[in-house]
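Commentary on secondary and tertiary structure
Listed below, chain by chain, are the residues.
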Amino acid sequence: MTDHLLILGGTTEATALAHVLHDDEIETTFSYAGRVARPKRQPLPTRIGGFGGAEGLADYIRENGITHIVDATHPFAAQMSMNAVAACALTGAHLVALTRQKWMAQAGDDWRHVPDIAGAVAALSVPAQNVMLAIGRMHLDAFAPCPQHQYLLRLVDAPDGDVPLPNRHIILDQGPFSVENDMALMRDHSIQVVVAKNAGGSGARAKIDAARALNVPIIMIDRPAIPDRPEVGMPQEV
Ligand code: 3Y8
Ligand code: NAP
């Protein structure tokens with residue numbers, strides 16, 4: 001059976017890997033969940049949508065002769081990563097994750113670590129502030145118990161339902177972002193605290209550097225646990 005790779009994408013690193021594999025003419029399919037309206041175009045055949053759990057992914061592997069899976073998903077895409085481990089165990093397909101180091105606080109950073117989204121909500125149970133909530137759209141409802149804040153929300157697509165945060169300003173933007181852009185955004189909205197996921201990598205890091213430059217504290221959400229699997233940091237290692 002000739003090699004046929006499947007990249008589980010959705011990150012800057014996944015896109016970089018797609019270009020390397022395309023140039024090396026290694027048969028590869030790119031996969032998106034279909035979370036946003038206009039995902040970045042890839043130089044590879046691309047499928048969009050869930051597989052139907054680990055079993056669905058195992059069926060996909062068998063039906064398409066996938067020999068290797070590269071899990072290049074975001075560190076918070078824990079369900080996808082768990083499914084990839086299970087499906088490769090079921091089918092014998094090889095698995096490697098293309099991961100990025102988490103961000104570490106450096107001189108000048110004022111971070112408060114919380115274990116998960118609920119921890120971030122608990123940290124916001126304080127009098128009203130100007131809060132930049134830069135964690136996307138999927139978990140906005142979790143912040144409903146803290147309606148007192150003036151929220152700056154950065155989303156990829158307009159929210160389909162109502163947003164349970166009465167005082168909010170919504171910015172629609174798809175990263176990667178720049179430090180200059182994020183500093184201007186924080187100044188314009190007099191941001192007093194930023195809520196961020198410890199995504200790592202370069203595409204989401206602008207707000208971290210902007211906050212440091214402006215002495216704005218960050219509520220930093222630590223990554224969810226992910227099962228053990230082989231991990232590399234560079235596309236060439238994949
Ligand atoms: C659908 C489509 C590339 C990939 C770019 C990276 C960088 C820009 C920064 C902020 C933080 C956030 C969010 C973010 C970043 C990159 C990367 C990254 C954060 C796209 C993409 C898809 C998604 C899904 C989307 C989530 C959301 C999260 C916005 C593509 C643009 C907040 C994560 O509306 C929704 O439902 C959006 C959902 C999951 C988290 C959430 O809970 O809302 N990403 N983001 C992928 C798919 O369908 O499979 O890849 O073009 C990809 C990127 N987003 O090649 O240039 O590598 O991390 N994505 C976070 O880190 O907190 C924005 O605003 O500062
Ligand atoms: P998740 O919670 O781990 O996965 C939920 C379900 O979405 C999975 O069980 C799977 O559905 C489907 N799915 C996830 N990634 C997929 C992919 N690349 N291709 C096909 N199906 C996928 O994932 P998530 O946090 O929603 O992330 C979704 C996508 O956005 C991923 O590509 C991820 O890399 C990207 N992303 C996420 C974040 C974030 O903050 N979570 C940030 C940046 C980019 P089935 O069970 O039906 O197979």
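Just above sits the structure.
So, here is what we can say about the structure in this document.

So, how was this worked out
Residues numbered from 1 in each chain as written. Chains lettered and ligands numbered in written order. Predicted model: local features only at pLDDT ≥ 70, side-chain atom pairs only at ≥ 80, totals over all residues. Heavy atoms only, no water. Helix = DSSP H or I, 4+ residues; strand = E, 2+ residues; numbered from the N terminus. Contact = heavy atoms within 4.5 Å. Core = buried A, V, L, I, M, F, W, Y, C linked by side-chain atoms within 4.5 Å. Buried < 20%, exposed > 50% of the residue type's maximum accessible area, 1.4 Å probe, protein only. Near = heavy atom within 4 Å. Polar contact = N/O pair within 3.5 Å; in protein donor to acceptor, adjacent residues only side chain to side chain. Areas by Shrake-Rupley, 256 points an atom, 1.4 Å probe, with all protein chains shown as cover.

As for its placement among the helices and strands, alanine 58 is situated in helix α2 (residues 53-64). Between the C-alpha atom of alanine 58 and that of aspartate 162, which follows or precedes it by 104 residues, the distance is 36 Å. Beyond its immediate sequence surroundings of up to four residues, alanine 58 is in contact with Ala87, Leu90 and Thr91.

Time to look at the nonpolar core. Judged by nonpolar contacts, the single largest core of 21 residues is most densely connected at Leu124, Leu133, Phe143, Tyr151, Val195 and Ile219. Of all the secondary structure elements, the ones that give two or more residues to this core are α4 (117-123), β7 (130-133), β8 (150-155), β10 (193-197) and β11 (218-221). For this core, the element with the most residues is α4, which contributes 4 residues. Beyond its immediate chain neighbours, meaning those up to four positions away, leucine 124 contacts Val131, Phe143, Cys146, Gln148, His149, Tyr151, Val193, Val195 and Ile219.

Taken together, 23 residues lie near ligand 2, and Gly9, Ser31, Arg35, Phe51 and Lys197 sit nearest. For ligand 2, an oxygen atom lies 2.6 Å from a polar atom in the side chain of lysine 197. Out of a free accessible area of 800 Å², ligand 2 has 79% covered by protein chains. Secondary-structure elements contributing two or more residues to the shell around ligand 2 are β2 (28-32) and α3 (78-91).

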